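If you want the building blocks of each chain, they are given just below.
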Amino acid sequence: MKNVYEIFDAFEQAGSKKERMKVIEQNLSPTLVKVLEYTFHPDYQWNIKEMPDEYKTPDTLPGVSLAKLSTELRRIYLFQKGHPTANNLTPQKQKELLLQFLESLEPREAEVVIGIMRKDLGVKGLTYKFVKECFPRMLP
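Residues numbered from 1 in each chain as written. Predicted model: local features only at pLDDT ≥ 70, side-chain atom pairs only at ≥ 80, totals over all residues. Heavy atoms only, no water.

### A few points about helix α7 (residues 107–118)
The periodicity of an α-helix, 3.6 residues per turn, causes residues three or four positions apart to be oriented the same way. The following threshold applies: Put simply, DSSP marks the helices as runs of H or I at least four residues long and the strands as runs of E at least two long, and each gets a number from the N terminus on. Working rule for helices: expected span equals 1.5 Å times residues minus one. Exposure classes here rest on a 1.4 Å probe applied to the protein chains alone. A residue is buried below 20% of its type maximum, exposed above 50%, and partly exposed in between. For this analysis, residues touch if any pair of their heavy atoms sits within 4.5 Å.
Over its 12 residues, α7 runs 16 Å from end to end, which matches the ideal 16 Å to within 8%, given 1.5 Å per residue. Buried within α7 we find Glu109, Ala110, Val112, Val113, Ile114, Gly115, Ile116 and Met117. In the core, the buried residues of α7 are packed alongside α1 (4–13), α3 (30–40), α4 (69–72) and α6 (91–103).

This is the structure we're talking about:
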């Protein structure tokens, strides 16, 4: 299974909308679906929008990290606006948890997480409209 950022790289290299849809279709996974849903569904809003200043890029080789986005994405609720657990965390505690979360991932996967929170993955052509067309029942 490819990392989400690898799928996004292939998506950007695709020359047409049809090719982009094929990239998504060929790489469809629960993790990719969650990334798209968390990014584009308006019900998901986030307390954090930028990479923390204290973030230190792990000095591991690509593919060698402590954790994978596919397993760690389940913790993203800790940063969701309106979530009861997130509401009970102080901003300082949220920041500490975010740093731990991001630093456990490969740097490009950490960028995907921040893209989710910004509501913009920074992938050319990957928009609300495109995702709505690919997954009509996912987005309102």
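### Concerning the pattern of salt bridges
Applicable threshold: A pair is scored as a salt bridge if a Lys or Arg side-chain nitrogen falls within 4 Å of a carboxyl oxygen belonging to Asp or Glu.
Counted according to the given criterion, the structure contains 7 salt bridges. A salt bridge links Lys34 to Glu37; its shortest N-O distance comes to 3.3 Å. Taken as a pair, Lys34 and Glu37 lie in helix α3 at a separation of 3 residues, close to a single helical turn. A salt bridge links Lys95 to Glu54; the shortest N-O distance between them is 2.9 Å. Here Glu54 lies in the loop between α3 and α4 and Lys95 lies in helix α6, a separation of 41 residues in the sequence. Taking the relative accessible area as the measure of exposure, Lys95 reaches 32% and is therefore partly exposed. Taking relative accessible area as the criterion, Glu54 reaches 37% and is therefore assigned partly exposed.

### Concerning the packing of aromatic side chains
Any aromatic ring pair is given by two values, namely how distant the centres are and how the planes are angled relative to each other. Under the convention used in this document: Between 30 and 60 degrees the pair is tilted, below 30 it is stacked and above 60 it is edge-to-face, where a pair is any two Phe, Tyr or Trp rings, Trp via its six-membered ring, whose centres lie within 6.5 Å.
Summed over all chains, the structure comprises 5 aromatic pairs. Ring geometry for Tyr38 and Tyr44: centres 4.9 Å apart, planes at 75°, overall edge-to-face. Of the two residues, Tyr38 and Tyr44, neither departs from the other in class, the shared state being buried. Judged by centre distance (5.8 Å) and plane angle (85°), the ring pair of Tyr38 and Trp46 falls under edge-to-face. Its relative accessible area of 12% is what places Tyr38 among the buried residues. The exposure class of Trp46 is buried, given its relative accessible area of 0%. Taken together, the aromatic side chains of Tyr38, Tyr44 and Trp46 make up a single cluster linked through ring pairs.

### Notes on the packing of α3 against α7
For the record, the criterion: As a rule, the C-alpha atoms of each element are fitted with a line to give its axis, helices using only the stretch in contact, and angles between N-to-C directions run from 0 to 180 degrees. Classification used: nonpolar for Ala, Val, Leu, Ile, Met, Phe, Trp, Tyr, Cys and Pro, charged for Asp, Glu, Lys and Arg, polar for all others including Gly.
Where α3 meets α7, the axes come as close as 7 Å, and the angle between the chain directions of the two elements is 35°. Residues Val35, Tyr38 and Thr39 of α3 form the contact with α7, whose participating residues are Val112, Gly115 and Ile116. Here the contact of α3 with α7 is built from residues that sort into 4 nonpolar, 2 polar and no charged.

### Some words on the side chain of Glu72
By secondary structure assignment, the location of Glu72 is in helix α4. Those residues in contact with Glu72 that sit more than four places away from it in its chain are Ala67, Phe101, Ser104 and Leu105.

### As for the nonpolar core
Keep this limit in mind: Nine residue types can take part in a nonpolar core, namely buried Ala, Val, Leu, Ile, Met, Phe, Trp, Tyr and Cys, and a core is a set of them joined through side-chain atoms within 4.5 Å.
Within the largest apolar cluster, 43 residues are counted, with the highest numbers of intra-cluster contacts made by Phe79, Leu121 and Leu126. At the level of secondary structure, the elements contributing two or more residues to this core comprise α1, α2 (17–26), α3, α6, α7 and α8 (128–134). With 6 residues, the top contributor of residues to this core is α7. What Leu121 contacts, discounting residues up to four positions off in sequence, is Phe8, Val35, Leu36, Thr39, Phe40, Val112, Gly115, Ile116 and Leu126.

Treat this as a map of the structure, not an account of what it does.
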